Amino acid sequence: MVANANTPLLTLNNGTTIPQLGFGVFKVDPDETTRIVTDALEVGYRHIDTAAIYGNEEGVGQAIASSGIPRDELFVTTKLWNDRQTDAEAAFDESLGKLGLDYVDLYLIHWPTPQKDTFVQAWKSLEKIYASGRAKAIGVSNFLVPHLEKLLANTDVVPAVNQIELHPAHQQPEVTAFSREHGIAIEAWGPLGQGKYPLFETPEVSQAAEAHGKTPAQVVIRWHLQTGNIVFPKSNRRERMAENFDVFDFELSSDEVAAISSLEREGRVSAHPDEVN
């Protein structure tokens, strides 16, 4: 992986490098995806996060194909949907075909779906995909500590990442600590709280934004970067994409980071992993 001039690279537990700041396409209209991802690539993003269930893998692939950017300068993630956990290798092949790629950089189990109790079976299929080289790294999404414990006890490859809902009001300290203790990097989805609570109006965020001449969103993204999270905000607007990417020319003080971290209140704004089946 070749770094964009601005974006830090983190090294995952298998030696794969990943840009710490990426671009997510959750809820991006499939008809608009090619344009939106093209804009993101032109702004400077080199890490794109999609999923089979988003229905926009084709658009991501088209944007990559027309970008002219060498494949080894891009990091592409997609995810296995819940109803394909017993058919993971075929589902992966479908995603790869839609993306028009020979490999992805990261393939994730999207949710543990604990009532189905098939994520260990799915992971063993992901281990085969990883061994084949068609996924440079494999990981999980929305896994809580009990799910991770079961996975680690019954499989051979430790996940490279755990992609979880994470923003200042919901930092999942137990999951984060367990993951990092086992060498599993944390990726934050919904990093700005999805607009579901007044995060940007909190004094901890707004005062830091004023102090640095930045927007509240830029301050929260910077907080993620400084706390070690991999993060990929989404936007359909090029100006906002550029704003979200413009976070490498300032640094929050340790007091500012601590103040934003103090906003933790177990404030999950999306589905609980035990309830998605």
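Structure report, in brief.

Quick notes on the rules
Residues numbered from 1 in each chain as written. Predicted model: local features only at pLDDT ≥ 70, side-chain atom pairs only at ≥ 80, totals over all residues. Heavy atoms only, no water. Axes fitted to C-alpha atoms, helices over the stretch in contact; angles between N-to-C directions. Helix = DSSP H or I, 4+ residues; strand = E, 2+ residues; numbered from the N terminus. Left-handed = near helix turned anticlockwise from the far one by under 90°. Contact = heavy atoms within 4.5 Å. Buried < 20%, exposed > 50% of the residue type's maximum accessible area, 1.4 Å probe, protein only. Arc of directions from axis to C-beta. Pairing = 2+ DSSP bridges. Phe/Tyr/Trp six-rings, centres within 6.5 Å; stacked < 30°, edge-to-face > 60°. Salt bridge = Lys/Arg side-chain N within 4 Å of Asp/Glu carboxyl O. Right-handed = clockwise from strand over helix to strand, strands pointing away. Polar contact = N/O pair within 3.5 Å; in protein donor to acceptor, adjacent residues only side chain to side chain.

## Examining the packing of helix α1 (residues 33–43) against helix α9 (residues 238–245)
Contact geometry for α1 and α9: axes closest at 10 Å, N-to-C directions at 40°. Seen along the crossing, α1 lies across α9 with a hand that is right-handed. On the side of α1, the interface is formed by Ile-36, Asp-39, Ala-40, Glu-42 and Val-43, while α9 contributes Arg-238, Met-241, Ala-242 and Phe-245.

## Observations concerning helix α5 (residues 145–154)
For α5, every residue scored as buried is listed here: Val-145, His-147, Leu-148 and Leu-151. Buried residues in α5, looked at end-on, bunch into an arc of 155°, giving them a common side. Set apart from the buried face of α5 by more than 90 degrees, the exposed residues are Pro-146 and Ala-153. In this structure, the buried side of α5 is in contact with α4 (119–132), β7 (138–141), β8 (161–165) and α6 (173–181).

## Some thoughts on the pairing of β7
Residues of β7 alternate between two faces, with Ile-138 and Val-140 on one and Gly-139 and Ser-141 on the opposite face, all of them buried. By the bridge criterion, three bridges tie strand β6 (residues 106–109) to β7 in an arrangement that is parallel. Looking at β7, one finds that Ile-109 is bridged to Val-140. Pairing analysis gives two bridges linking β7 to β8, with the strands arranged parallel. Across the sheet, residue Val-140 finds its bridge partner in β8, namely Asn-162.

## Observations regarding the packing of aromatic side chains
Scanning the model with the defined rule gives six aromatic pairs in all. The interplanar angle of 55° and the centroid separation of 5.4 Å between the aromatic rings of Phe-26 and Tyr-54 together place this pair among those described as tilted. Taken as a pair, Phe-26 in the loop between β3 (23–24) and α1 and Tyr-54 in the loop between β4 (47–49) and α2 (57–67) lie far apart in primary sequence, 28 residues in all. With relative accessibility at 15%, the residue Tyr-54 sits in the buried group. Measuring from ring centre to ring centre gives 4.7 Å for Tyr-45 and Phe-245, while their planes differ by 55°; the resulting arrangement is tilted. Of the two residues, Tyr-45 is situated in the loop between α1 and β4 and Phe-245 in helix α9; the sequence distance between them amounts to 200 residues. A relative accessible area of 7% places Phe-245 in the buried class.

## What to know about the sheet that holds β4
In any sheet, the strands associate via hydrogen bonds between backbone groups, in a parallel or an antiparallel arrangement. Read across the sheet, eight strands follow the order β3-β4-β5-β6-β7-β8-β9-β10 without closing on themselves; strand pairing throughout is parallel. Sheet topology places β3 and β10 (230–231) at the edges, where each strand pairs with a single neighbour. Judged from the five bridges that link them, β8 and strand β9 (residues 185–189) form a sheet pairing that is parallel. Residue Val-161 lies in a different strand from β9, and its bridge partner there is Ala-185.

## Side note on the side chain of Thr-50
Checked against the element boundaries, Thr-50 lands in the loop between β4 and α2. Ignoring anything within four residues of it in the chain, the contact list for Thr-50 reads Val-25, Asn-56, Glu-57, Val-60, Thr-77, Thr-78, Lys-79 and Leu-99.

## What about the pattern of salt bridges?
Tallying each qualifying case throughout the model produces 15 salt bridges. Of the charged contacts in the structure, one is a salt bridge between Asp-49 and Lys-79, with a shortest N-O distance of 2.5 Å. One end of the pair, Asp-49, is in strand β4; the other, Lys-79, is in strand β5 (residues 75–80), and 30 residues separate them in sequence. Comparing Asp-49 with Lys-79, the two get one shared label, buried. Connected through shared salt-bridge partners, Glu-32, Arg-35, Asp-39, Glu-42 and Arg-238 make up one network.

## Considering the pairing of β6
Across a regular strand the side chains alternate sides, sitting on one face of the sheet and then on the other. The side-chain alternation of β6 yields two buried faces, one formed by Leu-106 and Leu-108 and the other by Tyr-107 and Ile-109. With four bridges joining them, β5 and β6 adopt parallel strand pairing. When the bridges of β6 are listed, Thr-77 appears paired with Leu-106. Remark: the β5/helix α3 (residues 88–99)/β6 crossover connection has right-handed handedness.

## Some thoughts on the environment of Ser-261
Take Ser-261: it is sitting in helix α10 (residues 254–261). Its relative accessible area of 23% is what places Ser-261 among the partly exposed residues. Each C-alpha atom, one on Ser-261 and one on Pro-112, is 27 Å from the other, the two residues being 149 residues apart in sequence. When near neighbours in sequence (up to four residues on either side) are disregarded, Ser-261 contacts Gln-171 and Trp-223. Here Trp-223 takes part through its side chain, which lies 3.0 Å from a polar atom of the side chain of Ser-261.

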